[in-house]
Amino acid sequence: MTDMPSYPRLIKRGNVYWFRSSIPRDIKQSYPKTEETFSLHTRDYQEALKKWREASAEVDRRFAEHRLRRLEPLLPELSDAQIKHVEEVYYSHLLDEDDDLRLDGMDEQEFAYYQELIHTMETLDREGIARGRPPVYARSEAEEVLTWENVDLKLDPASPSWPKLIRAILSASVRAAIAKRQRNEGTPVETPAMPQSKATASSPAASTIIEAWVTEKSRAKGGWTPATAKANQLWAERFIAMAGDRPMSEYTKADAREFKSTLLALPPNWTKIKELEKLSMKEAGRRATTLGLKPMAGKNVNKVLGFVRALWNWAEANYDNVPSNPFDGLNVKISGKARDERHPFKRDELEKIFRSPIYTGCKSVRYHNTPGDLVPTDQGIYWVPLIGLFTGCRSGEIIQLRTEDVKTEGDIAYIEVTSASILAVSRSRKAAMAVCSWRGGRSTGIRECSCGSRSH
């Protein structure tokens, strides 16, 4: 008859003490085991008590962690590396259990029973692998291994990764059965060290993330416009085409630097240049340098880098194992003011603009490029270029002007751009660039402007 100690969770099987605990009611439905039971590997009562205290603390910690993990989000899938990690952990565990049994010792009857058990389990596992129909217990074993400290993965019950994970469990079990049979014959087989680090998932492929990024950002309400979505997706895909479609975790600062260097060599609209249009982005950059083509402005390079940087920021916020943004700090330093990057119209270009049918006579507002008799002085297409020419106001400021924004101070007329007339400007300022001299309420025919230009 087995001698039962008076301590809860401490039992004796044969001459060896074991720990045994039921699962708390509040987590019984979700906990992967029906009870926590394991050998304390000692026949000494005092040593068993010491190990029992340590085991109790450890099992209570597992229960507490399980309560917390129930609130964590589920993983939709496992990577191949994670599944392989589970297999190796389980294989090591099975041989470690086998070690415990042999160290405790088995009589002839127990040894015969154990040999039969190994054979039965191996047969079931091999059949499960061969037919793709695993025995029922394999799912339970997989669920339990996922909770172990050196695995700690919470997989969605409906995940498509379950068949692969269960096959990995069966594979580990078959490998362990082969090792156990060798041990039954007296052949020493070493138990591999238990893998301690958790398996880390590599992030999804960049192309997959780009698709999800654009889809989310292009939501019907409040999302990107089609043009914005197209520009962001285009440059993100060009980066992937240059660096290769890999998990986001595998890209480095070197990949980002190479992309930047290529951008710095490319001319504007390079895909429309005959010598470059059929080349890859990297090849086009090299060819453009050879041809001595003028590269795009630093402002535009920074804009493109911003597109890809935004992809990384979104991926970091939405996926695991995405490293820090390799595009951080890579912007081109632009010296001087931003307007120095812009080139003004030349005189002959201005003459072409203001001798177009809009100003000399067009067919209609719709066909304003076709010569005719109409000069659309009541339309924005007529006034916006003129106001821009003589004031230097931004197009956004001009387009949103109202008649009450044109004011006078003495005999000086000016445009007042305020936060009410344009949302992009947060403070009121007087655009005295539109100052003109008027006499008797009529134009003299020659307008003297503060910018020093004159119009007849």
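Bear in mind that the values here come from a model prediction, so they are computed numbers and not experimental data.

## Comments concerning the overall build of the chain
Across its full length, the chain holds 14 helices and 8 strands. Put simply, the chain has 456 residues, and 35% of those count as buried. Expressed as a percentage of contacts within the chain between residues at least 6 apart in sequence, the contacts between residues at least 24 apart total 58%.

## A word on the sheet that holds strand β1 (residues 10-13)
Strand order in this open sheet of 3 strands is β1-β2-β3, and the pairing throughout is antiparallel. In this open sheet, the two edge strands, each paired with only one partner strand, are β1 and β3 (35-39). Strand-to-strand twist in this sheet, taken as the mean axis angle between neighbours without regard to direction, amounts to 30°. Pairing of strand β2 (residues 16-22) with β3 involves 5 bridges; the strand directions are antiparallel. When the bridges of β3 are listed, S21 appears paired with E36.

## As for a nonpolar patch on the surface
On the surface, a nonpolar cluster with roughly 190 Å² of combined accessible area is contributed by V365, L374 and I381. Examined against the element boundaries, V365 turns out to sit in the loop between α12 (357-360) and α13 (380-391). A relative accessible area of 35% means that V365 is categorised as partly exposed.

## Let's talk about the packing of helix α6 (residues 206-217) against helix α10 (residues 298-318)
Two elements in contact, α6 and α10, have axes separated by 10 Å at closest approach and are oriented at 95°. Here α6 is positioned roughly perpendicular relative to α10, judged by the angle of their axes. In this structure, α6 contributes I209, I210, A212, W213, E216 and K217 to the contact, and α10 contributes F307, A310, L311, W314, A315 and N318. Of the residues belonging to the contact of α6 with α10, the class tally is 9 nonpolar, 1 polar and 2 charged.

## A word on the pattern of salt bridges
Per the counting criterion, the structure on display carries 23 salt bridges. Between R347 and E351 there is a salt bridge, with the nearest N and O atoms lying 3.6 Å from each other. One end of the pair, R347, and the other, E351, are both in helix α11 (residues 347-354), 4 residues apart, so they sit about a helical turn from each other. For R355, the salt bridge identified is with E351, shortest N-O distance 4.0 Å. On the accessibility criterion, R355 (61% relative accessible area) is exposed. The class for E351 is partly exposed, based on a relative accessible area of 32%. Connected through shared salt-bridge partners, K33, E36, E58, R61, R62 and E144 make up one network.

## Some thoughts on the confidence of the model for the chain
The pLDDT averaged across the chain works out to 81; a share of 85% of its residues lies at or above 70. Within the chain, the lowest mean pLDDT, 32, falls on strand β7 (residues 447-448), and the highest, 95, falls on helix α5 (residues 162-184). Between residues 1-5, whose pLDDT stays under 50, and residues either more than four places distant or in other chains, the model counts 9 contacts. Predicted confidence for residues 421-456 stays below pLDDT 50, and this span has 70 contacts to residues more than four positions away or in other chains.

## Things to note about the environment of I23
Summarising the element assignment, I23 is placed in the loop between β2 and β3. On the basis of relative accessible area, I23 is assigned to the buried category, the value being 6%. Residues I23 and V59, 36 residues apart in the sequence, show an inter-C-alpha distance of 9.8 Å. Not counting chain neighbours up to four residues away, the residues in contact with I23 comprise K28, Y31, K33, T34, E35, E36 and F63.

## Regarding the packing of α6 against helix α7 (residues 226-243)
One can describe the packing of α6 onto α7 by two numbers: an axis separation of 11 Å at closest approach and a directional angle of 175°. The orientation of α6 relative to α7 falls into the category roughly antiparallel. Counted together, A206, I210, W213 and V214 of α6 and A229, N232, Q233, A236, E237 and I240 of α7 form the full contact between these two elements.

Rules and cut-offs
Residues numbered from 1 in each chain as written. Predicted model: local features only at pLDDT ≥ 70, side-chain atom pairs only at ≥ 80, totals over all residues. Heavy atoms only, no water. Helix = DSSP H or I, 4+ residues; strand = E, 2+ residues; numbered from the N terminus. Buried < 20%, exposed > 50% of the residue type's maximum accessible area, 1.4 Å probe, protein only. Contact = heavy atoms within 4.5 Å. Pairing = 2+ DSSP bridges. Axes fitted to C-alpha atoms, helices over the stretch in contact; angles between N-to-C directions. Patch = residues over 30% accessible without salt bridge, like charges linked within 9 Å, V, L, I, M, F, W, Y side chains within 5 Å. Areas by Shrake-Rupley, 256 points an atom, 1.4 Å probe, with all protein chains shown as cover. Salt bridge = Lys/Arg side-chain N within 4 Å of Asp/Glu carboxyl O. Parallel < 35°, antiparallel > 145°, perpendicular 65-115°, else oblique. Nonpolar A, V, L, I, M, F, W, Y, C, P; charged D, E, K, R; others polar. pLDDT = per-residue confidence, 0-100.

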